[in-house]
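Given next are the chains, with one letter for each unit.
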Amino acid sequence: MSPVEPCVPDDPADGWFGESVAATYDAPGGANAPEPAAAAVDVLEDLAGGGRVLEFAVGTGRIAAPLAARGVPVCGIELSKAMAARIEGKTGGASVDVTIGDMTSTRVPGEFSLVYLVFNTISNVTTQDGQVDVFVNAAAHLRPGGLFLIEVGLPDLRRLPPGQDIVPFAVSPAGEGAG
């Protein structure tokens, strides 16, 4: 029997992605499967064009670390200390320079050829003004001719009942989890 990890309380400053989420965030399957991650890294490496890149909401480094392992200079902004703490343990992760902060406003020194935000993460910014702030912050980081890439899934609108514009990804008695 394997030892049980002690229960570490979530730091309220880590928002939605405290230790309780970070501990299982990289579980195999879905977007964490090798194929989607490798495909994303392939595209980002090409778009970087040999320049520095910045990942907003770098999380546990599942994209940034393999990108850095390919020799691309990678910086990241991450709100959750619990998520960011896992980056260094990944191949390439030790060379990812992470700044703790909010992607709507946190600045990282220098200019970048590419700023990116992948796997629906823009949806974690829940107001239009906040999402506009993400775009403004990305633009402030880009060198002339640089690119801002956002990957986001769109619900199959044909499957939504008339008048519905969201799809819940979880439903709890406390009313949390609508997405």
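Details of the structure are given in the entry above.
Now for a quick tour of the structure. (Residues numbered from 1 in each chain as written. Predicted model: local features only at pLDDT ≥ 70, side-chain atom pairs only at ≥ 80, totals over all residues. Heavy atoms only, no water.)

So, the pattern of salt bridges
Then, in step 1: Applying the stated rule across the entire model yields 3 salt bridges.
Then, in step 2: The shortest N-O distance in the salt bridge between R70 and D42 comes to 2.8 Å. One end of the pair, R70, is in the loop between α3 (64-69) and β2 (74-78); the other, D42, is in helix α2 (residues 34-48), and 28 residues separate them in sequence.
Then, in step 3: Here the salt bridges do not stand alone but share partners, grouping D42, E45 and R70 into one network. (Salt bridge = Lys/Arg side-chain N within 4 Å of Asp/Glu carboxyl O. Helix = DSSP H or I, 4+ residues; strand = E, 2+ residues; numbered from the N terminus.)

Let's talk about the pairing of strand β4 (residues 112-117)
Regular strands place their side chains on alternate faces of the sheet.
Then, in step 1: Among the 6 residues of β4, 6 are classified as buried, and the element is accordingly described as predominantly covered.
Then, in step 2: Pairing of strand β1 (residues 53-56) with β4 involves 3 bridges; the strand directions are parallel. Bridging across to β4, E55 finds its partner in Y116.
Then, in step 3: In this region the chain leaves β4, passes through helix α5 (residues 128-141) and returns to the parallel neighbour strand β5 (residues 142-150); the handedness of that crossover is right-handed. (Buried < 20%, exposed > 50% of the residue type's maximum accessible area, 1.4 Å probe, protein only. Pairing = 2+ DSSP bridges. Right-handed = clockwise from strand over helix to strand, strands pointing away.)

A word on the side chain of S80
Then, in step 1: Relative to the elements of secondary structure, S80 occurs in the loop between β2 and α4 (81-84).
Then, in step 2: A distance of 3.3 Å separates the side chain of S80 from the backbone nitrogen of A82, its partner in a polar contact.
Then, in step 3: What S80 contacts, discounting residues up to four positions off in sequence, is D14, F17 and I100. (Polar contact = N/O pair within 3.5 Å; in protein donor to acceptor, adjacent residues only side chain to side chain. Contact = heavy atoms within 4.5 Å.)

Some points on the nonpolar core
Then, in step 1: Ranked by internal contacts, the top residues of the largest apolar core, which has 20 residues, are V53, I63, L67, V74 and Y116.
Then, in step 2: Put simply, the parts of the chain that give this core at least two residues each are α2, α3 and β4.
Then, in step 3: When residues in this core are grouped by element, the largest group, 5 residues, is from α2.
Then, in step 4: Excluding its chain neighbours within four sequence positions, the residues that come into contact with L67 are V41, L44, E45, V53, V72, V74 and Y116. (Core = buried A, V, L, I, M, F, W, Y, C linked by side-chain atoms within 4.5 Å.)

So, the pairing of β5
Then, in step 1: Bridge analysis of β4 against β5 gives 5 bridges, and the strand direction is parallel. Bridged to Y116 within β5 is L149.

Quick word on unusual backbone geometry
Then, in step 1: Even without a glycine there, the phi angle at A57 is positive, about 55°.
Then, in step 2: As for its placement among the helices and strands, A57 is situated in the loop between β1 and α3.
Then, in step 3: The phi torsion at N120 lies on the positive side, around 65°, for a residue other than glycine.
Then, in step 4: With respect to the secondary-structure elements, N120 resides in the loop between β4 and α5.

Examining the sheet that holds β2
Then, in step 1: Sheet architecture is open: 5 strands sit in the order β3-β2-β1-β4-β5, paired in parallel fashion. Two strands lie at the open edges of the sheet, namely β3 (97-100) and β5, each paired on one side alone. Strand after strand, the sheet turns through a mean of 20° between neighbouring axes, direction not considered.
Then, in step 2: Together, β1, β2, β4 and β5 form the strand contacts of α5, whose direction differs from that of β5 by roughly 145°. (Axes fitted to C-alpha atoms, helices over the stretch in contact; angles between N-to-C directions.)

It is worth stressing that arrangement in space is one thing and function is another; only the former is reported here.
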